[in-house]
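Spelled out, the chains give:
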Amino acid sequence: MTAIAASPPAPRTGWRQLMGFNMLTGIILGVVGWFIGYSAIGLHLHGAGIAYYSTESGQNDIAIVLGYIFGVIGFLIGLGFGNYPLRRMLGHPPSLAAHESEEEGLFRYFTLSTDHKVVAKQYMVGIGLFFFVGGLNAMLIRTELLQPNTHVFGANQYLTLVGMHGSMMMGIMTSGILGPFANWLVPLMIGSRRFAFPRIEAFTFWLLMAGAVILITTIFFGGFQTGWTGYQPLGAQGTAGYDAYIGFFALVGLSMTLFGFNLIATIVVMRAPGMTWSRLPIFVWGALSTAALMMLAAPMLIAALFMAGMDRTVQTAFFIPGQGGSAYLFQNLFWVFGHPEVYVLALPGFGIVLELLPVFARKPLWGYRLAVAGMLGVMFLSFFVWQH
């Protein structure tokens, strides 16, 4: 007898696409998670007499921080990131998301996708959207500066616009080149069908989007007046909007760390047979050096923000000079990340230019090994100049 192959499931269309794990479900569960963290837990702790959960300004920072944490968790669960771990704990075999073969058309860009080309397009559109928001903030800043004595915004609102613009541009545009181009091109250039960890690949994108939304919500909590660098002790003394700054950059740092880890793992273990290190396209070397830089630099930012959050919520004194801390420590930790971050944008650009020049010159790339050594050297040396 001839076995009859099972027909693939019919793709979901119309309203059926809205029923399940997607961005709409993620937004709904994100809002629910916010209210659980903020109202059910944070305000309850404050009402129970735990007075140190408020800052000098009298705001309940612990409730806001918990709201952001539970909101992000709910958003990710709504997108479907909890499905695979749950299925594995229940004994199901490891596999890629089943709905990848079912979703078609525009709707797949609003779901958890393990297709590296879809993730690359998600990065391009998502980063472009928040690039527009950052540019809009810049236009509002220029509107305030049209005349020296004309004040469209108050002093605190103006400083918040400056901080939001700088944070959005530095945090989101950090992945402006590597996000779209590395996700699309690296697997194709090394002969791989996908990234080593496709769910982590999707995870890094949605973390970045959640962080950008958190940054925008700072306007509902008084903004932050520290600028994009978030210097202490201004951060510890600032309004509750600074909590959004911490949440934003913490998610950006986590996204960068995981993206760098995934990119290195893909290039090291997913290369096609015969794709030796000396045959790697020069753009892949640029992506590899950038990935190493992100993995080493971004955890320093996460550590600095974690300590800043502890100062605001449970009254530690890492960065408060009056209680034995050091505001200069925050600057050192921040710029161990902040200066290498510049080359997160530059190094992939070097790789793109070195890919394009031989094509238009119609000659092989001269100095291939020198170019590789130069990019790795820039990555290494970028960590030694943070004090400037």
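What counts, and at which threshold
Residues numbered from 1 in each chain as written. Predicted model: local features only at pLDDT ≥ 70, side-chain atom pairs only at ≥ 80, totals over all residues. Heavy atoms only, no water. Helix = DSSP H or I, 4+ residues; strand = E, 2+ residues; numbered from the N terminus. Buried < 20%, exposed > 50% of the residue type's maximum accessible area, 1.4 Å probe, protein only. Contact = heavy atoms within 4.5 Å. Areas by Shrake-Rupley, 256 points an atom, 1.4 Å probe, with all protein chains shown as cover. Patch = residues over 30% accessible without salt bridge, like charges linked within 9 Å, V, L, I, M, F, W, Y side chains within 5 Å. Salt bridge = Lys/Arg side-chain N within 4 Å of Asp/Glu carboxyl O. Polar contact = N/O pair within 3.5 Å; in protein donor to acceptor, adjacent residues only side chain to side chain. Core = buried A, V, L, I, M, F, W, Y, C linked by side-chain atoms within 4.5 Å.

A. Geometry of the overall build of the protein. The number of helices and strands found in the protein is 12 helices and 0 strands. Across the protein, helices and strands are ordered from the amino to the carboxyl terminus as α-α-α-α-α-α-α-α-α-α-α-α. For the protein, the proportion of its 388 residues judged to be buried stands at 47%. For the protein, the proportion of contacts with a sequence separation of at least 24, taken over those separated by at least 6, is 78%. Surface accessibility of the protein: about 19,100 Å² in total, with carbon and sulfur atoms responsible for 72%.

B. Local environment of the environment of Ala240. Take Ala240: it is sitting in the loop between α8 (234-237) and α9 (241-269). Each C-alpha atom of the pair Ala240 and Gly222 lies 6.4 Å from the other, and the pair is 18 residues apart in sequence. Once you skip the residues sitting within four places of it in the chain, Ala240 turns out to touch Gln59, Asp61, Ile64, Phe221 and Arg312.

C. A look at a nonpolar patch on the surface. On the surface, a nonpolar cluster with roughly 710 Å² of combined accessible area is contributed by Leu24, Ile28, Leu29, Val32, Ile36, Ile69, Phe70, Ile73 and Ile77. For the nonpolar patch, the secondary structure elements donating two or more residues are α1 (23-47) and α2 (61-79). Counting residues per element, the nonpolar patch draws most heavily on α1, which supplies 5 residues. Of note, Ile69 is situated in helix α2. Ile69 gets classed as partly exposed once you look at its relative accessible area, which sits at 41%.

D. Focus on the side chain of Asn183. With respect to the secondary-structure elements, Asn183 resides in helix α6 (residues 178-190). A polar contact is formed between the side chain of Asn183 and the backbone oxygen of Gly179, at a distance of 2.5 Å.

E. The arrangement of the nonpolar core in detail. Core analysis: the biggest nonpolar cluster contains 79 residues, and Leu76, Ile172, Val186, Trp206, Tyr245, Phe249 and Leu263 have the highest contact counts within it. Considering every element that reaches this core, the biggest residue donor is helix α10 (residues 282-313), with 17 residues.

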